[in-house]
Each structure stands twice: as C-alpha cells, then as structure tokens.
Amino acid sequence: MNEIFIHVDVDDLWAIGECYGIRIPEPFRHHVYDDGLPRLLGLLEQLSIRATFFVCGADLESEKCVALLRDVIRRGHKLANHSFSHHLAFRNLDEPRLRDEILRTHRLAEDQLGIKMLGFRAPGYAWSRRLVRILAELGYLYDSSLMPSPFGWVFRLLDRQLSRAMGASTSLQKTQFPRFTDAWHALRPYEIVWRDTLRIWELPVAAAPVLRIPMQASVCLQLGPRYFAFLRKLLKLCPMTPFVFLLHGADLTDFRQTEIPALSRSKYFSMPVSERLSHLREYLESLLSDRHLCVAEELFEQRAGCL
C-alpha cells in the first residue's frame, strides 16, 4: 500500500490577505485562480497527475472561479470542501456555524458545478472529533484535516514572524496549525466509527513518516531541495505508508504582479514563479518515481462499496 495522494488547497489571495491582515485590492482578490491555477493545471497535466482540489465556497460565488473549476473537473480532477469562508478560528466555531461553513460550500458545488463533494479539509489543519462527527452525519466519506505532527508550535512561531515581516497584524485570533495532541494519531488512513452507524475515513495530511515533520510543497519550496531530499529519505524508510503531498494554488502564483508591498517582504511570496515551477516539477517527479498515484474520492468510494 504505497499510495501517494496529491492535494491542492485553493486558498485565494483574499484568504491569504485575511490570514495576515493585509488589504487585497479588488482586482487581485482572485489572483490565485487567475494566475496560479492555470499554471498548476498545466504542470499536473504534463506529469499525468490527477489531484483533489479543496475549494472555498466563497469562490464558488464568482463566475470566473466556477468557470475554471469546470475545467479542473473536465481534466479529471476531483473537488472537495475547504469550508465557505476559510475562517481563521475554525476550530473554535460553534456547531451551527461549523455545519453552515460545510453545507454552504456543499450546496454551492451542487448548484454551480453539479457535483457532490465527498471530502473535506478544515482551514489551518483545525481538526477535531466534533468536526469529523458532523461530516459523518452529513454523509462525507473522508476528512483530511488532521496533520499528525508535534510541530504546530513551529508553524505558529513562523506565522507570527512572517506577519511582523510583512507589516501585518499579529493579533488575529487563529486556530491554525495542529495541536500537540494531534501528533498521537496514525499517519496512515484510518476509519472513525460512532455507535456502529456513523463512519468516516481520516486521511492524515502533510506529515513525513518517522519524524512527522511538515511535508507540503510550500515548506519544501521555502527550505529548498536539501530539505526535500531529507524528506525523501524518511519516506524510503516507510515505503508502505501512504501519504498526502499537499500543494497550494499559491505555490505557482506570481505575486510580484500584484505589486502589494507586504508580499514582497516574504521569501516565499517574492520567489520567482519560474524557480518554484522548476523545483515543484522535480519534487513531484521524484515522489511519483516509486509511489502509486491514488485519488482519495475513488479509494474511499471503493471502500464504502465493500462494507
């Protein structure tokens, strides 16, 4: 069972702006869709990769975003739910608000795209048992919000440093990044069952085996090929452990076009897109060289059919 799942979180520039307290001019609110996603789709097609794209419901209210997502579906990719508003304190929302965040996006996907979403990822890896119970009650097949890593505190520290470097607010209330207790969960997919009636699969995301250090494209792009090479060694120690390699639409977005000063102060956002494209191609080719590409929706539909 040496599967690799390729996931893409489509956090648009408006969501990135809200995360760091940066005002995004209206023409660039959908810059990730306008600039980054077409480039990413081209790369995935060249490498014959079928991925799952996690989208926010707020973007499904934009006609141009919906048009691009229709193309994503036409190319054979799947779409999953990434909440409606990408709320920064998602884990702290009460149950009615959690349900609303999930259902608004679910219904928009049905109305605008004619699809039923089967998977979910919370903003900022804000996993909780309450969340997966609600998802199971709503008929979802899998959740992929859990990052089973003890290094959430490192993310939070870097997030504050990045906010200060960008001249943005550091007082925003967030539940971003995993809690220490999340690290005790399994790395491989596992089924959660309540009272023998509610079932849902958890597909852990973006943590390398053994050391459980972060393994997503944005971190690999910032820390460079040596960091990725180290992660590859960890993966080879556990060749039969499935894992999710997480990309973001922002990974191949040219932010220099926006001329937003705050973005130019970040190494990640100011990195030339040609450089990111070259590295990302190398990373994906390396991962696919000894892993079986799997689409989460198809795997969990098959497992559900075997029950």
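Just so you know, these numbers come straight off a predicted model, no measurement behind them.

Right, let's talk about the overall build of the protein for a bit. Each helix and strand counted, the protein has 12 helices and 9 strands in total. Over its C-alpha trace the protein gives a radius of gyration of 18 Å, about what one expects of a compact globule, namely 19 Å for 307 residues. Long-range pairs, those at least 24 residues apart, make up 76% of the contacts in the protein between residues at least 6 apart in sequence. Of the roughly 12900 Å² of accessible surface on the protein, 52% is carried by carbon and sulfur atoms. Here the protein carries 39 positive and 36 negative side-chain charges, and the mean point of each set is 6 Å from the other.

Turning our eyes to something else, we now look at the nonpolar core. Core analysis: the biggest nonpolar cluster contains 102 residues, and Phe-53, Met-215, Phe-245, Leu-247 and Leu-284 have the highest contact counts within it. Take this core: its biggest share by element is 7 residues, from helix α2 (residues 31-46). Discounting chain neighbours no more than four positions away, the residues touching Leu-247 are Ile-6, His-7, Val-8, Asp-9, Leu-40, Ala-217, Leu-280 and Leu-284.

What follows deals with the packing of aromatic side chains. One pass over the structure, following the stated rule, counts 8 aromatic pairs. In textbook terms, an aromatic cluster arises when at least three aromatic residues are bridged by ring pairs, as seen for Tyr-142, Trp-201 and Phe-300.

On to the layout of surface pockets. In this structure, the largest pocket occupies an estimated 1000 Å³ of space. Contributing to the lining of the largest pocket are 38 residues, with Tyr-20, Phe-155, Phe-177, Ser-218 and Gln-222 lying nearest its centre. Counting residues per element, the ones that place at least two in the lining of the largest pocket are α1 (13-20), α6 (152-165), α7 (217-223) and α10 (267-270).

Okay, the state of the cysteines next. When the sulfur atoms of two cysteines share a covalent bond, that bond is a disulfide. For the structure shown, the criterion picks out 0 disulfides. With no disulfide of its own, Cys-19 has Cys-56 as its nearest cysteine by sulfur position, at a separation of 12 Å. Take Cys-220: it sits in no disulfide, and the sulfur closest to it among the cysteines is that of Cys-238, at 17 Å.

This next bit is on the pattern of salt bridges. Within the structure shown, the criterion is met by 17 salt bridges. In this structure, Asp-71 engages Arg-74 in a salt bridge whose closest nitrogen and oxygen atoms are separated by 2.5 Å. On the criterion of helical spacing, the pair formed by Asp-71 and Arg-74 is a turn pair, its members being 3 residues apart in helix α3 (residues 63-74). Judged by relative accessible area, which is 18%, Asp-71 ranks as buried.

Helix length check: α6, at 14 residues, gives a terminal C-alpha distance of 20 Å against a target of 20 Å (1.5 Å per residue), a fit within 8%. All of the buried residues in α6 are Gly-152, Phe-155, Asp-159 and Ser-163. Seen along its axis, α6 keeps its buried residues to an arc of 70°; they face one direction. Opposite the buried face of α6, at more than 90 degrees from it, the exposed residues are Trp-153 and Arg-164. Those residues of α6 that are buried lie in contact with α1 and α7. Immediately beyond the C-terminal end of α6, within one or two residues, lies Gly-167, with a positive phi of roughly 70°.

What counts, and where the lines are drawn
- In this convention, every chain numbers its residues from 1, walking through the sequence in written order.
- Thresholds applied to this predicted model are a pLDDT of at least 70 for local features of residues and 80 or more for the giving and counting of side-chain atom pairs; totals over whole chains, interfaces and linings are not thresholded and use all residues.
- The side-chain quantities take in all heavy atoms of the structure and omit both hydrogens and water.
- Comment: elements are numbered from the N terminus, with helices defined as DSSP H or I runs of at least four residues and strands as E runs of at least two.
- Note that the radius of gyration is over C-alpha atoms, with the globule rule given as 2.2 Å times the number of residues to the power 0.38.
- Working rule for contacts: check all heavy atoms of both residues, and any pair within 4.5 Å makes them a contact.
- Each accessible area value is a Shrake-Rupley result obtained with a 1.4 Å probe; residue values ignore everything except the protein chains displayed when judging cover.
- As used throughout, the charge tally considers Lys and Arg to be positive and Asp and Glu to be negative, leaving His and the chain termini uncounted.
- A charge is said to be at NZ when it belongs to Lys, at CZ for Arg, at CG for Asp and at CD for Glu.
- Within this scheme, the nonpolar core is defined by two criteria: the residues are buried Ala, Val, Leu, Ile, Met, Phe, Trp, Tyr or Cys, and they are joined through side-chain atoms within 4.5 Å.
- The classification of residues rests on relative accessible area computed with a 1.4 Å probe and restricted to protein chains. Under 20% of the type maximum is buried, over 50% is exposed, and intermediate values are partly exposed.
- The pairing test for Phe, Tyr and Trp rings, Trp by its six-membered ring, is centres within 6.5 Å, and the orientation test on the planes gives stacked under 30 degrees, edge-to-face over 60, and tilted for anything in between.
- Grid spacing is 1 Å over the protein atoms alone, the probe is 1.4 Å, and a cavity is where that probe fits but cannot get out, while a pocket is an open set with protein on both sides within 12 Å along at least five of seven lines and lining residues have an atom within 4 Å of a point.
- Grid points are joined across faces, edges and corners, and a volume is the space filled by probe spheres set on the points.
- Only a pair of cysteine sulfur atoms within 2.5 Å qualifies as a disulfide here.
- Put simply, a salt bridge is a Lys or Arg side-chain nitrogen that is within 4 Å of an Asp or Glu carboxyl oxygen.
- By definition here, a helix of n residues has an expected span of 1.5 Å times n minus one.
- The directions considered for the arc are those from the helix axis to the C-beta atoms.

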